[in-house]
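Listed below, chain by chain, are the residues.
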Amino acid sequence: MHQQTCPFCQKPCKECKGRRNGLGSTIRNLRRDAWLSLRDLAEKSSLKVTALINIERGAQKPSVDEIIQVAKALNLNPLFLLGRSQDRLIDQISSSMAT
């Protein structure tokens, strides 16, 4: 039986447990707090429902553009979604928003 490799830690999915899904869990919780369905958030963010499902589950790492789209749809600053520990992504988002 072939076990899938985590796209974040490049090890079998059990290795990094839930740590790889911090952003996905945050997005899911904020979406639910806003009383939005996956379909609602997909429409507001211009992302596909399947992409959002994979991001929330941690099966897909969102791009900088996807993070910005989701944050805008939730009326949040994208930096809020990331937290302060991910400085490189924060720099990318800041420069993307400036253009």
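Rules used in this analysis
- Residues numbered from 1 in each chain as written.
- Predicted model: local features only at pLDDT ≥ 70, side-chain atom pairs only at ≥ 80, totals over all residues.
- Heavy atoms only, no water.
- Core = buried A, V, L, I, M, F, W, Y, C linked by side-chain atoms within 4.5 Å.
- Buried < 20%, exposed > 50% of the residue type's maximum accessible area, 1.4 Å probe, protein only.
- Helix = DSSP H or I, 4+ residues; strand = E, 2+ residues; numbered from the N terminus.
- Expected span 1.5 Å × (residues − 1).
- Arc of directions from axis to C-beta.
- Contact = heavy atoms within 4.5 Å.
- Salt bridge = Lys/Arg side-chain N within 4 Å of Asp/Glu carboxyl O.

**Some details on the nonpolar core**
By size, the foremost hydrophobic cluster in this structure holds 18 residues, and its most contacted members are Ile-27, Leu-41, Val-70 and Leu-81. At the level of elements, helix H1 (22-33), helix H2 (38-45), helix H3 (49-57), helix H4 (64-73) and helix H5 (78-82) are the ones that each hand at least two residues to this core. Among the elements that make up this core, the one with the highest residue count is H4 (6 residues).

**Quick look at H1**
When the terminal C-alpha atoms of H1 are compared, their 16 Å separation across 12 residues agrees well with the 16 Å that a helix rising 1.5 Å per residue should span. For H1, every residue scored as buried is listed here: Leu-23, Gly-24, Ile-27, Arg-28 and Arg-31. Projected onto a plane normal to the axis of H1, the buried residues spread over an arc of 135° and lie on a single side. Looking at the buried side of H1, the elements it contacts are H2, H3, H4 and H5.

**Notes on the pattern of salt bridges**
Considering all chains together, one arrives at 2 salt bridges under this definition. One salt bridge connects Arg-28 with Glu-56, and the closest N-O pair in it is separated by 3.7 Å. Taken together, the residues span a long stretch of sequence, with Arg-28 in helix H1 and Glu-56 in helix H3 at a distance of 28 residues. On the basis of relative accessibility, which here comes to 18%, the residue Arg-28 falls in the buried class. Classification of Glu-56 by relative accessible area gives buried; the value is 4%. Residue Glu-56 pairs with Arg-31 through a salt bridge whose shortest N-O separation is 2.7 Å. In this pair, Glu-56 is assigned in helix H3 and Arg-31 in helix H1, connecting sequence segments 25 residues apart.

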